[in-house]
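Now for the letters of each chain:
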Amino acid sequence: MIRHCVMLNLQDDAQEKLPPVLEGLAELVDTLEGCSAFVAGINRDFESKSPNHPFGFMFDAEDEAALNTYAEHPRHKQLGATLVSLCKGGADGIMVFDIEVTP
């Protein structure tokens, strides 16, 4: 299983524009075979390691093929472009981790 984690460095005025994007991503994940458990929220950053990424989301993909299906889906590309426009520095304001979860 792969846990797809995305951390966002949002522009100051992005908070009100973000919910529809996240809702769209959650709906997309729910429709794709092999993808599940979409969650999003504020990065509490208790260890002060990621202050530039105060918000994030993640979901689980059963394998690389499922994650690739998500990545190549037209709806993901559309919503991803909106996310880029909401982040400081565009795509540089997005940090992605794909963690292979081992049993």
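As a starting point, this report considers the structure included with it. All values derive from a computational prediction rather than experimental measurement. (Residues numbered from 1 in each chain as written. Predicted model: local features only at pLDDT ≥ 70, side-chain atom pairs only at ≥ 80, totals over all residues. Heavy atoms only, no water.)

**Considerations on the packing of helix α1 (residues 18–31) against helix α3 (residues 74–86)**
Selection criterion: Each axis is a line fitted through C-alpha atoms, taken for helices only over the stretch in contact, and angles between the N-to-C directions span 0 to 180 degrees. We count a stretch as a helix when DSSP gives it H or I for four or more residues in a row; a strand needs E for two or more, and each element gets its number in order from the N terminus. Roughly parallel refers to an angle under 35 degrees, roughly antiparallel to one over 145, roughly perpendicular to one between 65 and 115, and oblique to any angle outside these ranges. It is the rotation of the near helix from the far one that decides the hand of a crossing: anticlockwise by less than a right angle makes it left-handed, clockwise makes it right-handed. Should any heavy atoms of two residues lie within 4.5 Å, those residues are considered in contact. Amino acid classes used here: Ala, Val, Leu, Ile, Met, Phe, Trp, Tyr, Cys and Pro are nonpolar; Asp, Glu, Lys and Arg are charged; the rest, including Gly, are polar.
Contact pair α1 / α3: the axes reach a minimum separation of 10 Å and the direction vectors enclose 155°. Taken as axis vectors, α1 and α3 run roughly antiparallel relative to one another. In this structure, α1 meets α3 at a crossing whose hand is left-handed. Residues L18, V21, G24, L25 and L28 of α1 form the contact with α3, whose own contacting residues are R75, H76, L79, T82, L83 and L86. Class assignment for the residues of the contact of α1 with α3 results in seven nonpolar, three polar and one charged.

**Here's the deal with the sheet that holds strand β1 (residues 2–8)**
Put simply, the rule reads: The criterion for strand pairing is that DSSP finds at least two bridges linking the strands in question.
Read from one edge to the other, the open sheet built from four strands follows the order β2-β3-β1-β4, with strand pairing classed as antiparallel. In the strand order of this sheet, the two ends are held by β2 (35–42) and β4 (94–100), each with one partner. Within this sheet the neighbouring strands show an average axis-to-axis angle of 15°, counted without direction. For β2 and strand β3 (residues 55–61), the ladder comprises six bridges, and the chain directions are antiparallel. Bridge pairing in β3 links V39 to M58. Relative to β3, helix α2 (residues 64–72) is tilted by about 130°, and along the sheet it contacts β1, β2, β3 and β4.

**Considerations on the pairing of β1**
For clarity, the threshold we go by: To sort residues, take the accessible area from a 1.4 Å probe on protein chains only and compare it with the maximum for the residue type: under 20% means buried, over 50% means exposed, and anything in between is partly exposed.
The buried fraction of β1 amounts to six of the seven residues, a majority that puts the element mostly inside the structure. Of the strand pairs in this sheet, β1 and β3 are connected by seven bridges, and their pairing is antiparallel. Across the sheet, L8 pairs through a bridge with F55, a residue of β3. Two strands pair when backbone bridges link them, and β1 and β4 are joined in this way by seven bridges, in the antiparallel orientation. Each bridged residue has a counterpart across the sheet, and for V6 the counterpart in β4 is V96.

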